[in-house]
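Geometric and topological summary
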Amino acid sequence: MCGIVGYAGEKPATPMLIESLKKLEYRGYDSAGITVQNEKLETYKTVGKIVNLEAELPEKLGGNVGIGHTRWATHGRPSTINSHPHTSGNEVKISVVHNGIIENYMKLKERLIKEGYEFKSETDTEVIAHLLHRQVYGSPEASEKRFDLLTGLRKALAEIEGSYAIGALSSDEPGKLFVARKDSPLVIGVGNGENFAASDVTAFLNHTRDVIFVNDFEMAVMTPKTVEVYDLDGNPLERRVERIEWDIEAAEKAGYEHFMLKEIHEQVNSIHNTLAGKISELEGDIFLEDLNMSEKEIRWLSRVQVLACGTSWNAGLLGKYLFEQLAGIHSDIDVCSEYRYRNPVMDERTLAIAITQSGETADTLAAVRGIKSYYCPTLSVTNVVGSTITRETDSIIYTRAGPEIGVAATKTFTAQLTVLYLLAMKFAQLRGKVSPDYVKDFIIQMRKIPGQIQQILNRKETVKECAEAFADAKSYFFLGRNLNYPVALEGALKLKEISYIHAEGFAAGELKHGPIALLDEKTPVVAIATRGQTYEKMLSNIKEVKARDAVVIAVADAEDTEIAKYVDVVLRVPSTDELLTPILSTVVLQLLAYYTALARDCSIDKPRNLAKSVTVE
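Computed from a predicted model, the values in this text were never measured in an experiment.

This next bit is on the nonpolar core. Residues Tyr421, Leu423, Phe427, Tyr476 and Phe478 are the most contacted members of the largest nonpolar core, which totals 93 residues. No other element matches helix α14 (residues 411-430), which puts 12 residues into this core. In contact with phenylalanine 427, other than residues within four places in its own chain, are Leu291, Ile298, Leu301, Phe323, Ala327, Ile329 and Leu351. Formed by 29 residues, the second largest nonpolar core is a distinct cluster that contains Ile102, Phe119, Val127 and Leu132.

In structure tokens form, the structure reads like this:
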């Protein structure tokens with residue numbers, strides 16, 4: 001997730017762009033840059049925060065039209081060269097900023113290189129700049145326009161697959177700012193003698209509250225006094241100007257009361273982004289280009305060792321089940337803070353997978369460094385490009401969840417699960433454990449997950465009512481079997497983190513070995529009882545719980561007509577492949593924790609005693 005801004009007005013563009021970028025810095029913190037339109041396009045960019053960019057700017061930088069970008073890297077490590085804006089043409093005719101992922105960028109890049117375009121960065125966005133230049137001018141050397149930039153943008157977008165919010169400038173069309181959107185947020189601010197474009201209304205709310213929300217497959221041309229919106233066929237559209245009533249703090253949260261709720265909702269996009277470029281329904285294949293292992297090495301593996309802490313450990317436990325069930329590889333999981341003090345049995349046929357949202361978790365880094373003496377391959381799953389863990393492991397697979405502000409992990413957890421599903425299925429495929437038809441069907445079901453999460457979010461009031469009904473409970477139990485056991489652990493962790501209610505997750509079959517002694521009518525029990533091989537066993541466990549007078553809240557399939565006979569409350573998830581239900585159940589439990597904490601008036605985004613990233617032992 002990145003942040004783009006644009007300004008076309010009567011004031012100097014540079015201070016307006018810098019102010020807007022600072023408002024969007026929560027969307028990206030790896031690097032930043034701007035292009036201002038003068039007699040030519042002037043571009044300045046650097047790694048790090050916006051203050052680093054300010055230090056690079058000349059004291060007087062003229063121009064009243066410009067674009068800017070604050071980056072959270074997805075393609076290419078954080079560096080000045082990889083920073084946006086990206087430019088094209090021997091005389092720098094085009095400048096572009098972009099938020100999103102271009103899925104077919106390699107195919108486009110190869111073609112553009114053959115046509116003489118020189119690529120300077122590792123990013124997918126540079127493809128857009130060269131593609132625009134090619135459409136408008138015809139070749140890298142050409143300086144005479146064939147088309148205006150609006151036509152060039154329309155033609156270029158017809159070749160692009162993926163998601164985008166784009167801001168573009170042409171040195172040959174002074175006073176104009178061009179934008180376009182598909183699957184990435186973009187909003188236009190309509191001012192008096194000035195107009196803005198940004199990923200979020202936060203960027204310009206100090207200057208105007210009148211906005212046009214750009215829809216998918218729409219473009220716009222902006223000048224200081226006009227905003228013209230078009231469809232991708234070039235037809236003009238009539239768009240209504242809306243009034244924003246949020247205050248600044250609410251705007252940063254896109255109208256949500258807390259960052260955590262916003263980030264729960266962002267899982268629709270974060271999972272889509274994590275999948276982008278990694279799966280193909282048509283080919284029935286999974287592509288993990290950053291996995292630095294050959295097919296022979298993957299088939300040779302005899303063991304997977306997962307290393308993680310906290311929420312990432314819960315994700316890793318599900319990963320253990322997946323590697324064993326799908327790929328037939330013996331798997332272990334350890335808490336890093338304990339693993340580093342053991343003398344583990346490891347060899348070169350063991351793949352060590354370190355899972356860390358920040359890439360800076362001290363215990364995880366120490367465990368990975370200790371493993372190197374065993375000469376086994378290492379892989380990290382992380383959300384932060386350029387973080388320390390990426391320099392410590394042989395392979396890296398990035399989640400694409402974007403910056404997460406709330407301390408309690410939500411979208412980063414489900415993004416980690418998404419990567420682990422892809423890894424386990426890819427290993428199973430290469431080791432001959434699954435058929436091509438099974439892989440293809442799995443990919444089709446995986447692609448549906450973001451939409452199914454949206455269905456859950458559309459019915460979140462049901463979860464809210466449940467949470468409020470039991471908000472005064474002193475203790476909660478969460479029960480799950482097999483793939484749902486890690487979900488139970490994660491549900492309990494979320495609840496205790498932000499609501500301060502004592503909560504424990506258990507493998508449901510272990511309840512009778514001690515914990516059942518704690519049950520009474522004041523203890524709500526959440527049973528993850530989605531359809532699958534352990535469903536009937538879960539019903540037996542539920543009956544055991546009900547016999548002790550405890551209240552049972554079931555998380556169950558939408559099509560399950562039996563479960564309501566045995567429980568007090570049913571929270572539904574859309575029906576999907578049994579393997580994938582943990583993602584959907586997790587979203588329900590995140591909402592349960594959030595609304596419980598809200599009812600108890602807790603500090604949700606910054607719970608007491610907790611930090612987002614634990615960088616000390």
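What follows covers empty space enclosed by the protein. What the rule picks out here adds up to 3 cavities of 30 Å³ or more. Size it by volume and the largest cavity reaches roughly 60 Å³. Along its surface, the largest cavity is lined by Arg481, Asn482, Leu483, Asn484, Thr530, Arg531, Gly532, Gln533, Thr534, Glu578 and Thr581. Along the lines of polarity and charge, the residues of the lining of the largest cavity split into 1 nonpolar, 7 polar and 3 charged. Of the voids in this model, the second largest cavity is the one considered here, and its volume is about 40 Å³. Val5, Gly6, Tyr7, Met16, Leu17, Ser20, Phe196, Ala197, Ala198, Ala203 and Phe204 together form the lining of the second largest cavity. Among the secondary structure elements, those contributing two or more residues to the lining of the second largest cavity are β1 (3-9), α1 (13-23) and β10 (194-198). Its residues assigned to classes, the lining of the second largest cavity comprises 9 nonpolar, 2 polar and no charged.

Here we take up helix α19 (residues 581-599). Taking 1.5 Å of rise per residue, the 19 residues of α19 would be expected to cover 27 Å, and the 27 Å separating its terminal C-alpha atoms lies within 8% of that figure. With 17 of 19 residues buried, α19 is to be regarded as a mostly interior element. Just past α19, the residue aspartate 601 takes up positive phi, approximately 60°.

Note that the residue after histidine 84, namely proline 85, is joined by a cis bond; omega there is 0°. Its identity is not glycine, yet asparagine 482 carries a phi of approximately 55°, on the positive side. Of note, asparagine 482 is situated in the loop between β23 (475-480) and α17 (484-499). Residue asparagine 482 is classed as partly exposed on the basis of its relative accessible area of 25%. Phi is positive for aspartate 601, which is not a glycine, with a value near 60°. As for its placement among the helices and strands, aspartate 601 is situated in the segment after α19. Relative accessible area serves as the criterion here: at 70%, aspartate 601 is assigned to the exposed category.

Bringing the pairing of strand β25 (residues 525-528) into the picture now. Covered by surrounding structure in β25 are Val525 and Ala527 together with Val526 and Ile528, the residues of both alternating faces. Across 3 bridges, the pairing between β23 and β25 is parallel. Along β25, the bridge assignment pairs phenylalanine 477 with valine 525. Bridge analysis of β25 against strand β26 (residues 552-557) gives 4 bridges, and the strand direction is parallel. Bridging from a neighbouring strand, valine 526 pairs with isoleucine 553 of β26. What joins β25 to β26 is helix α18 (residues 535-546), and the crossover it makes is right-handed.

Taking burial as the measure, the 9 residues of strand β6 (residues 94-102) include 9 buried ones, the bulk of the element. A two-sided burial pattern is seen for β6, the buried positions comprising Ile94, Val96, His98, Gly100 and Ile102 on one face and Ser95, Val97, Asn99 and Ile101 on the other. As defined by bridge partners, β6 adjoins strand β7 (residues 162-170) across 9 bridges and the pair is classed as antiparallel. Looking across to β7, one finds that asparagine 99 is bridged to alanine 165.

Our focus in this paragraph is the side chain of threonine 399. Turning to its location among the elements, threonine 399 is positioned in the loop between β22 (395-398) and α14. Accessibility expressed as a relative area gives 1% for threonine 399, which makes it buried. Reaching out from threonine 399, the side chain makes a polar contact with the side chain of asparagine 383 at a distance of 2.9 Å. Those residues in contact with threonine 399, other than ones at most four positions away along the chain, are Trp72, Thr274, Val381, Thr382, Asn383, Ala415, Gln416 and Val419.

One open sheet accounts for 7 strands, arranged β5-β6-β7-β8-β12-β13-β14; its pairing is antiparallel. Each having just a single partner strand, β5 (86-88) and β14 (236-237) make up the two edges of the open sheet. Sheet topology places strand β13 (residues 227-231) next to β14; 2 bridges connect them, and they run antiparallel. When the bridges of β14 are listed, tyrosine 230 appears paired with proline 236.

Attention now goes to the packing of aromatic side chains. In this description, an aromatic ring pair is defined by two values, namely the gap between the centres and the angle between the planes. Within the structure shown, the criterion is met by 7 aromatic pairs. Ring geometry for tyrosine 594 versus tyrosine 595: centroids 5.0 Å apart, planes at 75°, classification edge-to-face. Among the residues examined, tyrosine 594 registers a relative accessible area of 0% and is labelled buried. For tyrosine 595, a relative accessible area of 5% gives the class buried. Sitting over the ring of tyrosine 500, arginine 608 keeps its end group 3.8 Å from the ring centre.

At a minimum axis separation of 8 Å, helix α4 (residues 125-137) and helix α5 (residues 149-157) run at an interaxial angle of 125°. For the element pair α4 / α5, the angle class is oblique. The handedness of the crossing between α4 and α5 is right-handed. Contacts between α4 and α5 pair Leu131, Leu132, Gln135 and Val136 from the former with Leu149, Gly152, Leu153, Lys155 and Ala156 from the latter. For the contact of α4 with α5, the class distribution of residues is 6 nonpolar, 2 polar and 1 charged.

Okay, the environment of phenylalanine 427 next. Its place among the elements puts phenylalanine 427 in helix α14. Owing to a relative accessible area of 0%, phenylalanine 427 belongs among the buried residues under this scheme. Separated by 141 residues in the primary sequence, phenylalanine 427 and isoleucine 286 place their C-alpha atoms 9.9 Å from one another.

Along helix α3 (residues 105-114), the residues that are buried comprise Tyr105, Leu108, Lys109 and Leu112. For α3, the arc enclosing every buried residue in end-on projection is 100°, short of the 170-degree limit, so these residues lie on one face. Exposed residues pointing more than 90 degrees away from the buried face of α3 are listed as Lys107 and Lys114. If you follow the buried residues of α3, they end up packed against β6 and α4. After α3 finishes, the residue glycine 116 shows a positive phi value of roughly 105°.

The rules behind the values
- Residues numbered from 1 in each chain as written.
- Predicted model: local features only at pLDDT ≥ 70, side-chain atom pairs only at ≥ 80, totals over all residues.
- Heavy atoms only, no water.
- Core = buried A, V, L, I, M, F, W, Y, C linked by side-chain atoms within 4.5 Å.
- Buried < 20%, exposed > 50% of the residue type's maximum accessible area, 1.4 Å probe, protein only.
- Helix = DSSP H or I, 4+ residues; strand = E, 2+ residues; numbered from the N terminus.
- Contact = heavy atoms within 4.5 Å.
- 1 Å grid on protein atoms, 1.4 Å probe; cavity = no way out; pocket = protein on both sides within 12 Å on 5 of 7 lines; lining within 4 Å.
- Points joined across faces, edges and corners; volume = space filled by probe spheres on them.
- Nonpolar A, V, L, I, M, F, W, Y, C, P; charged D, E, K, R; others polar.
- Expected span 1.5 Å × (residues − 1).
- Pairing = 2+ DSSP bridges.
- Right-handed = clockwise from strand over helix to strand, strands pointing away.
- Polar contact = N/O pair within 3.5 Å; in protein donor to acceptor, adjacent residues only side chain to side chain.
- Phe/Tyr/Trp six-rings, centres within 6.5 Å; stacked < 30°, edge-to-face > 60°.
- Lys NZ or Arg CZ within 6 Å of the ring centre and 35° of its normal.
- Axes fitted to C-alpha atoms, helices over the stretch in contact; angles between N-to-C directions.
- Parallel < 35°, antiparallel > 145°, perpendicular 65-115°, else oblique.
- Left-handed = near helix turned anticlockwise from the far one by under 90°.
- Arc of directions from axis to C-beta.

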